[in-house]
Amino acid sequence: MERFRWIGHADLDAFYASVEQRDEPRYRDRPVVVGALPGHRGVVAAANYAARAFGVRSAMPIAEASRLCPHAVYLRPDMARYAEASREVFRILETISPLVEPVSIDEAYLDLSGLEKLFGPPLEIGRTIKRRILEQTGLTVSVGIGPNRLIAKLGSEHRKPDGLTVIHPGEVAAFLAPMPVANLRGLGRQTAKIFARLGVATVGQLRDMPLEDLERQLGRRAAAGFKRQAMGIASAELSVERNRKSLSRETTFEVDTDDPGFLHGVVGRLAGSVARRARSEALAGTVVTLKIRFRGFETHTRQQRLTVATSDERVISKAAWQLFQHGGLPRRPVRLIGVGLSHWQRSQPIQGELFAHAEAAAPDQRLLRTIDQANDRFGSGALQLGMTQTRLDPKRR
Ligand SMILES: [Mg+2]
C-alpha cells in the first residue's frame, strides 16, 4: 500500500485583532486595527476582516488607515496576551499531532500522517483542529492539509478566514493551476516583474513554461525552485526540536514594519521569553542570535558571542538589538524577527574566573551566576524563583 504523507498548516485568522475581539465584546461587530495609534507614527500591525473591508492593509501607515476607517477601534499590541493565547493554541495542536513545528506566534505545521485511525480522514482531522481551537480559545483558524508543506500552506491561505481546505495528492495540479504566481514562496518584486513580462500570471502557466526559458530569465537555481513549486513538489519534513542545541523565539508580523520603537519592544519580549525558558532549564548561553526576515522569505541571521554566559533578558535583548542596529542588515520593513540563545555553558566557573569577569559584567549578571552556583550546590531551582522575580521587578531597577 502506498503511504502518503499528510501535512497540515494551521494559521489563526487576523490573530492579534481576534484576541482583542474575543476579550472585549464591545469590539466584536466593529473594525479593529492593532498597531500604532492614530496621531502617532507607525503602521498597522493587524486588522480584522471588517477593517480590511474598508481597505485597511498590512504595513499601511496608521494615518492612512484612520482616514479610510476613522470609526475603527485602534489598539496598541498587547504581546503578552497574544503569546498566552498562542501557547493555548499550541497545546491544543500538540493534542492532535506529536509533530508540531511552530512557524510564528499564530502559525504551525503539523505532521498528520498516520492519524486516520485516531481522528478519521484528513478532512475530519481538520475539522477537529478547528473545533478544538474554537471551543477552547474562542479563536478561528484556517487549516490547509496536503501532501507537503507548500500545499498545506497554500491550502490554509485558500479560504480565509475560518477556512478548511484538503488537497489530496491527485488534486494538487488542479489546485495549483489557476492560482496567481504571486502566491508562490520566495517571489520578490524583481521575479514578479519577470513573470509579468513573460506573460506568466498563473501557476499553471508557469508549470507549462519550458525550463530553459525560465533559466535564461531567472538563473538556474531560482528557475528550478519555481518550477518545483509549480509542480507542487516540496518537502514534507517538519523540523521539530529534539535535542536542545539552542533556544529561540520568533514572531511574524501581519504587516511588515520598520518602526524602531515597536521592533525594540518585540526584541525585548522575545529575549524575555528565551531567558525565562533558559533559566527554567538552568541553561546559560554564550551566543545570541538575531534572525530577521523580509518580504519574500529573505532571511538573515547575525550572531554575537558574549564574554560571559547569560540567561539575563537584558543582556540578550541588548545584544540582539545591537545586531539589529549594527549588524549590517538591509534597512527594510521587517516581516519576522527572532532572538536565540545557544552554546551553553553548564559548568560554573571557578572562583577566580567568576571575579575576573565580574568587573565587565553587570551586577545582576554576577547575581545570576551566584544563583546558578547556589543551585548547583543546593539543587536546581532552590534560589531561582524568588530571586529572579525580585530581580525582574521593574520598580526595583
Ligand atoms: Mg495568521
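In the block above lies the structure referred to throughout.
Residues numbered from 1 in each chain as written. Predicted model: local features only at pLDDT ≥ 70, side-chain atom pairs only at ≥ 80, totals over all residues.

To continue, consider the overall build of the protein chain. Looking only at helices and strands, one finds 17 helices and 12 strands in the protein chain. Here the protein chain, with 397 residues, has 37% of them falling under the buried criterion. Nonlocal contacts in the protein chain, meaning residues at least 24 apart in sequence, comprise 64% of its contacts between residues at least 6 apart. (Helix = DSSP H or I, 4+ residues; strand = E, 2+ residues; numbered from the N terminus. Buried ≥ 20, exposed ≤ 12 C-beta atoms within 10 Å, placed from the backbone. Contact = placed C-beta atoms within 7 Å.)

Moving on: the environment of cysteine 69. Position of cysteine 69 relative to the elements: it lies in the loop between helix H3 (62–68) and strand S4 (73–75). Counting along the chain gives 13 residues from cysteine 69 to valine 56, while the straight-line C-alpha distance between them is 7.3 Å. What cysteine 69 contacts, discounting residues up to four positions off in sequence, is Pro31, Ala51, Phe54 and Val56.

Our next topic: the sheet that holds S4. Backbone hydrogen bonds hold the strands of a sheet together, and the pairing may be parallel or antiparallel. Taking strand neighbours across the sheet as the criterion, the 3 strands line up as S3-S2-S4 in an open arrangement whose pairing is mixed. For this open sheet the edge positions go to strand S3 (44–47) and S4, each flanked by a neighbour on one side alone. Sheet twist, expressed as the mean angle between neighbouring strand axes with direction ignored, is 25 degrees. Most of the contacts of helix H1 (residues 15–23) go to strand S2 (residues 32–35), to which it runs at about 120 degrees, and overall it touches S2, S3 and S4. (Pairing = 2+ DSSP bridges. Axes fitted to C-alpha atoms, helices over the stretch in contact; angles between N-to-C directions.)

The next point concerns the environment of alanine 196. Positionally, alanine 196 belongs in helix H9 (residues 189–198). You can call alanine 196 exposed: it has 11 C-beta atoms within 10 Å. For the pair alanine 196 and valine 181, spaced 15 residues apart in sequence, the C-alpha separation works out to 9.7 Å.

With that out of the way, let us pick up the packing of helix H11 (residues 211–218) against helix H12 (residues 220–230). Here H11 crosses H12 at 130 degrees, and the two axes come no closer than 7 Å. Taken as axis vectors, H11 and H12 run oblique relative to one another. For the pair H11 and H12, the crossing hand works out as right-handed. Contacts from Leu211, Leu214, Glu215 and Leu218 of H11 reach H12 at Arg220, Ala222, Ala223, Phe226 and Lys227. (Parallel < 35°, antiparallel > 145°, perpendicular 65-115°, else oblique. Left-handed = near helix turned anticlockwise from the far one by under 90°.)

Within helix H7 (residues 149–158), 8 of the 10 residues are buried, which leaves it mostly tucked inside the rest of the structure. For H7, every residue scored as buried is listed here: Arg149, Leu150, Ile151, Ala152, Lys153, Leu154, Gly155 and Ser156. In the core, the buried residues of H7 are packed alongside strand S1 (7–12), strand S6 (107–111), strand S7 (141–146), strand S8 (164–166), helix H8 (172–176) and H12.

Taken in spatial order, the 4 strands of this open sheet run S9-S12-S10-S11, and their pairing is antiparallel. Bordering the open sheet on either side are strand S9 (246–257) and strand S11 (299–310), each of which pairs with just one other strand. Strand-to-strand, the axes of this sheet are offset by a mean angle of 15 degrees, without reference to chain direction. Pairing analysis gives 8 bridges linking S9 to strand S12 (residues 334–344), with the strands arranged antiparallel. Following the sheet pairing, glutamate 250 is matched in S12 by glycine 338. The sheet contacts of helix H14 (residues 313–326) involve strand S10 (285–293), S11 and S12, and relative to S11 the element is tilted by about 140 degrees.

Here we take up the pairing of S2. The side-chain alternation of S2 yields two buried faces, one formed by Val32 and Val34 and the other by Val33 and Gly35. As paired strands, S2 and S3 are joined by 3 bridges and run antiparallel to one another. Considered in S3, the bridge of valine 34 is made with alanine 46.

Attention now moves to the pairing of S7. Most of S7 sits inside the fold, with 6 of its 6 residues counted as buried. Burial of the side chains of S7 extends over both faces: Val141, Val143 and Ile145 are buried on one face and Ser142, Gly144 and Gly146 on the other. Here S1 runs beside S7; their pairing, made up of 6 bridges, is antiparallel. Bridge pairing links alanine 10 to valine 143 in S7. One ladder, built from 3 bridges, connects S7 with S8; its direction is parallel.

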